[in-house]
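Each chain, written out:
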Amino acid sequence: MPFTSVAFGNPAEAGQPEALKAALAEFISVLIFVFAGEGSGMAFNKLTDNGSSTPAGLVAASLAHAFGLFVAVSVGANISGGHVNPAVTFGAFVGGHITLIRSILYWVGQLLGSVVACLLLKLATGGLETSAFSLSTGVGAWNAVVLEIVMTFGLVYTVYATALDPKKGNVGIIAPIAIGFIVGANILAGGAFDGASMNPAVSFGPAVVSWTWDNHWVYWLGPFIGAAIAALVYELLFIAPSTHEPLPSSSEY
């Protein structure tokens, strides 16, 4: 159960080749994801004269992030688990699926991957900057926090159901596409309000490169709270030992 199974790990773990390879895999996965997602927005702006905030731009961002995350999770799954998100890593830590030491390594790799992706985009586009996440007119910081909590809850709950649940069985095969789909759907739902980050690393890279930090804390607090709630709910209700006899998994209809 949560908190009883949380593991802080041994400091020596930070120097283990396996842990370092996992952190490198997270770096590469986030780089792939952010380059595709942020790059799509920059490309759409160039083709439509800053039209990324239009309905068509929102759909384009949703598709690019869904496709990019599907690939990023898939290529990292067998090495690091394919978290591609500090909030997902935090949710896994709360549920006891990863140690704090390894979580810190993942966070460093994820944040660096986002920054490098944005720097590469700036270099490749002749100096264009990836825009930092911002709140739309009429959306307050705490409104955005609630939005990020709800969207990240859905994301991390999906990760638990399809990737971390020991009973997942063949459902694990579709984990990358399910995770990509929920992010794409959430961007359609929340993108017009606060950009629909759900991922502190995705927000961090553009903020560093453009050096814009307005309301940046929103994109950390919301996702981390949402991830923790999802982890607690799934661990306590669906993974914790139960005295009830489970229903047969096969259907005979």
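Note that the coordinates shown come from a computational prediction; the quantities given were computed from them, not determined experimentally.

A. Structural detail: the overall build of the protein chain. A count of helical and extended segments in the protein chain gives 8 helices and 0 strands. Helices and strands appear in the protein chain in the N-to-C order α-α-α-α-α-α-α-α. Relative to the 2.2 N^0.38 estimate, which gives 18 Å for 253 residues, the radius of gyration of the protein chain is 18 Å and therefore close to what a compact globule would have. Principal-axis analysis of the C-alpha atoms places the extent of the protein chain at approximately 60 × 50 × 35 Å. Across the protein chain, the fraction of contacts at a sequence separation of at least 24, relative to all contacts at a separation of at least 6, is 79%. Charged side chains in the protein chain number 6 positive and 13 negative. The centres of these two groups are separated by 9 Å.

B. Examining a nonpolar patch on the surface more closely. Together, L24, I28, I32, F70, V71, V75, V171, I173, I174, I177 and F181 make up a nonpolar patch on the protein surface, roughly 960 Å² of accessible area in all. At the level of secondary structure, the elements contributing two or more residues to the nonpolar patch comprise helix 1 (17-48), helix 2 (55-77) and helix 6 (175-194). Position of I177 relative to the elements: it lies in helix 6. A relative accessible area of 35% means that I177 is categorised as partly exposed.

C. Summary view of the nonpolar core. Of all hydrophobic cores here, the largest spans 43 residues; its most connected members are L69, V84, L155 and M198. At the level of secondary structure, the elements contributing two or more residues to this core comprise helix 1, helix 2, helix 3 (86-94), helix 4 (100-124), helix 5 (141-164), helix 6, helix 7 (200-210) and helix 8 (218-239). Here this core gets 9 residues from one element, more than from any other, and that element is helix 5. Non-local contacts of L69, meaning those with residues more than four positions away in its chain, are made with F33, V84, I179, G180 and V183. By size, the runner-up hydrophobic cluster in this structure holds 5 residues, among which are A22, F93, I98 and Y106.

D. Just the packing of helix 3 against helix 4, in detail. In contact at an axis separation of 9 Å, helix 3 and helix 4 are set at 175° when each is read in the N-to-C sense. Classified by the angle between their axes, helix 3 and helix 4 sit roughly antiparallel to one another. From helix 3, P86, T89, F90 and F93 reach across to helix 4, where they touch L100, S103, Y106, W107 and Q110. When the residues that make up the contact of helix 3 with helix 4 are grouped by side-chain class, the tally is 6 nonpolar, 3 polar and no charged.

E. Looking closely at helix 7. Here helix 7 lies mainly inside the structure; 9 of its 11 residues are buried. Among the residues of helix 7, those classed as buried are P200, A201, V202, S203, G205, P206, A207, V209 and S210. Looking at the buried positions of helix 7, the neighbouring elements they touch are helix 1, helix 3, helix 4 and helix 8. Sitting at the amino-terminal end of helix 7 is N199, which places a side-chain oxygen 3.0 Å from the backbone nitrogen of A201. Looking one or two places after helix 7, you find W211, whose phi comes out positive at around 50°.

F. Up close: the UniProt feature "transmembrane region" (unreviewed entry) in the protein chain. The UniProt feature table records "transmembrane region" (unreviewed entry) at residues 20-44, 56-77, 108-128, 140-160, 172-193 and 217-240. Split by type, residues 20-44 is 100% helix and 0% strand. Its first and last C-alpha atoms lie 36 Å apart. In residues 56-77, helix accounts for 100% and strand for 0%; the two terminal C-alpha atoms are 31 Å from one another.

Rules used throughout
- In this numbering scheme, every chain counts its residues from 1 along its sequence in written order.
- Local features in this predicted model are restricted to residues whose pLDDT is 70 or higher, and side-chain atom pairs enter the listing and the counts only when it is 80 or higher, whereas totals over whole chains, interfaces and linings include all residues.
- Remark: hydrogens and water are excluded; side-chain values derive from all non-hydrogen atoms of the structure.
- By the criteria applied, helices consist of DSSP H or I runs no shorter than four residues and strands consist of E runs no shorter than two, each listed in order from the N terminus.
- Computation of the radius of gyration draws on C-alpha atoms alone. For the globule rule, the value is 2.2 Å times the number of residues to the power 0.38.
- In what follows, a contact means two residues having at least one pair of non-hydrogen atoms within 4.5 Å.
- Charged residues are defined narrowly, with Lys and Arg counted positive, Asp and Glu counted negative, and His plus the chain ends left uncounted.
- Charge placement uses NZ in Lys and CZ in Arg. For Asp and Glu, CG and CD serve respectively.
- Any residue with relative accessible area above 30% and no salt bridge may belong to a patch, with like charges joined within 9 Å and the nonpolar Val, Leu, Ile, Met, Phe, Trp and Tyr side chains within 5 Å.
- Each accessible area is a Shrake-Rupley estimate made with a 1.4 Å probe; only the visible protein chains count as cover when residues are assessed.
- Every case where a carboxyl oxygen of Asp or Glu lies within 4 Å of a side-chain nitrogen of Lys or Arg is listed as a salt bridge.
- Each residue gets one of three labels from its accessible area relative to the maximum for its type: buried under 20%, exposed over 50%, partly exposed in between, using a 1.4 Å probe on protein chains only.
- Nine residue types can take part in a nonpolar core, namely buried Ala, Val, Leu, Ile, Met, Phe, Trp, Tyr and Cys, and a core is a set of them joined through side-chain atoms within 4.5 Å.
- Throughout, an axis means a line fitted to C-alpha atoms (over the contacting stretch in the case of helices), and angles, computed between N-to-C directions, take values from 0 to 180 degrees.
- Angles below 35 degrees are treated as roughly parallel, those above 145 as roughly antiparallel, those between 65 and 115 as roughly perpendicular, and all remaining angles as oblique.
- Gly counts as polar in this scheme, as do all residues outside two lists: the nonpolar Ala, Val, Leu, Ile, Met, Phe, Trp, Tyr, Cys and Pro, and the charged Asp, Glu, Lys and Arg.
- Nitrogen and oxygen atoms within 3.5 Å of one another constitute a polar contact, given that in protein one can donate a hydrogen and the other can accept it, and given that sequence-neighbouring residues count only through two side-chain atoms.
- UniProt positions are given in the numbering used here, feature names are shortened, and annotations may be inferred rather than shown by experiment.

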